[in-house]
Amino acid sequence: METNTIIQAKNLGIKYKISRFKRSSIMNLVKNVASRNSLKSNGEFWGLRDLNFEVQKGDILGVLGKNGSGKSTLLKTIAGIYLPDEGEINVKGTVSSMLTLSSGFKEDLSGVENIFLIGVLTGFSEKQIKAKFSEIVEFSELEDFIYQPVKSYSSGMKARLGFSIAISLKKDIMLVDEILGVGDFKFREKSRKKMIELIKSDITVILVSHDSETIREYSNKCIWIHEGELKATGNTENVMEKYLTS
Amino acid sequence: MNALINQIKGILSRLDLAKYLMQTDLKVRYKNKALGFLWAILDPFFMMIIYIILVSVVFKKGNAQYPVLLFSALLSYRWFVFSTGNNVAVLVKNSKLLQAVKFPFSILVLNEVNIGLFNYLLGLIVLFPMLFFFDATFSIQMLWLPVIIAVQYIFTIGFGLLMSVAGLYFRDLQNIMLFLMRIVLYLSPALYGIELIPAKYQHIYQCINPFASLFVSYKNILVKGLPPSGYFVVFVGFAVVFLFVGSYLFNKKEPNFAKDI
């Protein structure tokens, strides 16, 4: 492992179980026993398999692939939410998954309280959050709404707050899932600018998008996943060419 | 043992999160209500009034101290029911969070027990004036209270860890537990005294029902001025077993939570 390598995946595999008992209930149990199905899981499939790639510090790694090809599974694995069922993944540094921060909001709490809740949840101290607080509020353009409960927010407002928190409370590795399409036109432009700033800093970014233009514009490296398997890896132009001609 | 140490380490490393979760939960629970935190006291108070009316006026039963005997046991069971009822559903309820952020998930279980404890302590504010009013025996035995509370805290955490995992894989458990916990209340000496159990069954009864010794102990130290029940060691045993089994199971299944939800 090179000293600059920040993420390294070796034969990485993530397995999903398809079990009729995943959401078991008494009715299912009765049904299954009645139809003499075995009580064991009924199958499994690999969400990702035999993935080998490396990410260096400061890289912007684009992840290409159709819907359902395993992109989100990969992000969750890098974030440490899924553990490998096969092979290994080494991540040196802290990870922030910008994609899902707003799903952690508590609807009854105000924007202010949610900033602190998400901040503490993702491992920042109250002091660190306070230092970034005005920056977050200002960027989100929520103004007085920041004191209102999040349940009164529109989905655009929630996305703006989520983005502002994620972009201000930085980690070594940022996972970005289609984030460039957040909010209205004006905010999208603003967040795009902020993204470029982030990309130009020494932070490592994993960028997932099914829009190849976004990837081409920002990433210096790419991987292409198809049905959980690695189709191509390397610099953006090469991978993009293969992806677009497929 | 390793599983337990692992879980404790996880929680200790994120104490600020445990604190913040509790603060925000309490805020959500009592904010936006005209009487705010007063509800935390009014709620057990009304519960008390209902039982007094039911027992003293409607049924005309029980001795003079009956309401306060009942309340000293019921208050602790209210804590257990609250925390366990929430913990059965805690992983499902927080499913979005589990799939978005990685943190020691046992903090969620701990949080439900902490809030239950907080409500219990506020309930004591109602209980203590009642002890005066019903002429309870104030004695040195009351110093046992923090000890019994601490053991119940461990019992509820251990059981909560167990139930949270079970509740994730078996969703019907939420409904089943609400029903079971009601039955257990009627099978335990809260609404009646332990004397009601025939003498020859008392030994086995207190050995298999952990709540028997718990309720007797609360009644003894708070109202009767007696030491805790000798069978309280049974409750301690249950607490230790639940803590070990619960943290073992939780530790083993925790890496799969996000995937299995």
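Residues numbered from 1 in each chain as written. Chains lettered and ligands numbered in written order. Predicted model: local features only at pLDDT ≥ 70, side-chain atom pairs only at ≥ 80, totals over all residues.

Asks: What is the right way to read the overall build of chain B from this model?
Replies: The secondary structure content of chain B amounts to 12 helices and 0 strands. Once the C-alpha set of chain B is aligned to its principal axes, its extents read approximately 55 × 50 × 35 Å. The long-range share in chain B, meaning contacts at least 24 apart out of those at least 6 apart in sequence, stands at 79%. (Helix = DSSP H or I, 4+ residues; strand = E, 2+ residues; numbered from the N terminus. Contact = placed C-beta atoms within 7 Å.)

Asks: When you look at the interface of chain A and chain B in this model, what are you seeing that I'm missing?
Replies: Accessible area lost when the parts come together is the quantity often used to give the size of an interface. Each partner contributes to the interface: chain A provides 28 residues, whereas chain B provides 21 residues. It is helix 3 (residues 111-121) of chain A that provides the largest number of residues to the side of chain A that touches chain B, a total of 5 residues. A breakdown of the residues in the side of chain A that touches chain B according to their chemical character gives 12 nonpolar, 9 polar and 7 charged. (Nonpolar A, V, L, I, M, F, W, Y, C, P; charged D, E, K, R; others polar.)

Asks: I tried to follow unusual backbone geometry on my own but got confused; where do I start?
Replies: When glycine is set aside, most residues are seen to have a negative phi, and most peptide bonds are trans. Residues and elements named next belong to chain A. In this structure, aspartate 50 takes a positive phi of about 55° despite not being glycine. At glutamate 143, a residue that is not glycine, the phi angle is positive and equals roughly 50°. Mapped onto the elements of the fold, glutamate 143 is located in the loop between helix 4 (126-140) and helix 5 (155-168). Glutamate 143 sits in the exposed class, given 9 other C-beta atoms within 10 Å. (Buried ≥ 20, exposed ≤ 12 C-beta atoms within 10 Å, placed from the backbone.)

Asks: Sorry if this is basic, but what is going on with helix 3 (residues 38-58) of chain B here?
Replies: The periodicity of an α-helix, 3.6 residues per turn, causes residues three or four positions apart to be oriented the same way. Residues and elements named next belong to chain B. Over its 21 residues, helix 3 runs 29 Å from end to end, which matches the ideal 30 Å to within 8%, given 1.5 Å per residue. When helix 3 is considered as a whole, its buried residues turn out to be Ala40, Pro44, Phe45 and Met48. Here the buried residues of helix 3 occupy an arc of 115° about the axis, which is enough to place them on one side. Exposed side chains of helix 3 directed beyond 90 degrees from the buried face belong to Phe46, Ile49, Ile50, Ile53, Val57 and Val58. As for helix 3, its buried residues are in contact with helix 2 (15-30), helix 4 (66-93) and helix 6 (106-133). Just past helix 3, the residue lysine 60 takes up positive phi, approximately 50°. (Expected span 1.5 Å × (residues − 1). Arc of directions from axis to C-beta.)

Asks: I would appreciate a short explanation of the nonpolar core in the present structure.
Replies: Soluble globular proteins tend to bury their nonpolar side chains together. By size, the foremost hydrophobic cluster in this structure holds 127 residues, and its most contacted members are Val63, Ile78, Leu175, Val176, Ile206 and Leu207 of chain A together with Phe215 of chain B. Sorting elements by how many residues they give to this core places helix 4 of chain B first, with 13 residues. (Core = buried A, V, L, I, M, F, W, Y, C linked by C-beta atoms within 7 Å.)

Asks: Would you explain the confidence of the model for chain B in this entry?
Replies: For chain B, per-residue confidence averages 90 on the pLDDT scale, and 99% of positions sit at 70 or higher. Interface confidence for the predicted complex, expressed as ipTM, amounts to 0.82; the pTM equals 0.88. (pLDDT = per-residue confidence, 0-100.)

Asks: Just to check I follow, could you spell out the pairing of strand 1 (residues 5-17) of chain A for this structure?
Replies: Consecutive side chains of a regular strand alternate in pointing toward one face of the sheet and then the other. Residues and elements named next belong to chain A. Note that strand 1 and strand 2 (residues 44-56) share 9 bridges and pair antiparallel. Paired with threonine 5 across the bridge in strand 2 is glutamine 56. Inspection of the sheet shows strand 1 paired to strand 4 (residues 86-91) by 5 bridges, in the antiparallel sense. Counted as the bridge partner of alanine 9 is isoleucine 89 from strand 4. (Pairing = 2+ DSSP bridges.)

Asks: For this particular structure, what's the right way to read the pairing of strand 6 (residues 173-177) of chain A?
Replies: Residue and element names in this part refer to chain A. Within strand 6, 4 of the 5 residues are buried, which leaves the element mostly enclosed by the surrounding structure. Direction of pairing for strand 6 relative to strand 7 (residues 204-208): parallel, over a ladder of 5 bridges. From the neighbouring strand, methionine 174 faces strand 7, where its bridge partner is valine 205.

Asks: Honestly, the packing of helix 6 of chain B against helix 7 (residues 145-169) of chain B in this entry has me stumped. Any pointers?
Replies: Helix packing geometry: the angle between the two helix axes and the distance between the axes. Residues and elements named next belong to chain B. Where helix 6 meets helix 7, the axes come as close as 9 Å, and the angle between the chain directions of the two elements is 135°. Compared by their axis directions, helix 6 and helix 7 come out oblique. Relative to helix 7, the crossing made by helix 6 is right-handed. Between helix 6, through Ser106, Val109, Leu110, Glu112, Val113, Gly116 and Leu117, and helix 7, the contact on the second element is made entirely by Tyr153, Thr156, Ile157, Gly160, Leu161 and Ser164. In terms of residue class, the contact of helix 6 with helix 7 is built from 7 nonpolar, 5 polar and 1 charged. (Axes fitted to C-alpha atoms, helices over the stretch in contact; angles between N-to-C directions. Parallel < 35°, antiparallel > 145°, perpendicular 65-115°, else oblique. Left-handed = near helix turned anticlockwise from the far one by under 90°.)

Asks: I keep staring at the environment of glutamine 152 of chain B and nothing clicks. Help me out?
Replies: Residues and elements named next belong to chain B. Among the structural elements, glutamine 152 can be located in helix 7. Residue classification places glutamine 152 among the buried positions, given that 25 C-beta atoms sit within 10 Å. Glutamine 152 sits 83 residues away from phenylalanine 235 along the chain, and the two C-alpha atoms are 8.3 Å apart. Once residues within four sequence positions are removed from consideration, glutamine 152 is found in contact with Ser76 and Leu214.

Asks: Sorry if this is basic, but what is going on with the packing of helix 3 of chain A against helix 2 of chain B here?
Replies: Between helix 3 of chain A and helix 2 of chain B, the least distance of the axes is 9 Å, while the angle of their chain directions is 150°. With respect to each other, helix 3 of chain A and helix 2 of chain B are oriented roughly antiparallel. At the point where helix 3 of chain A passes helix 2 of chain B, the crossing takes the left-handed sense. For the pair helix 3 of chain A and helix 2 of chain B, the contacting residues are Glu113, Phe116, Leu117, Val120 and Leu121 of chain A in the first and Asp16, Leu17, Tyr20 and Thr24 of chain B in the second.

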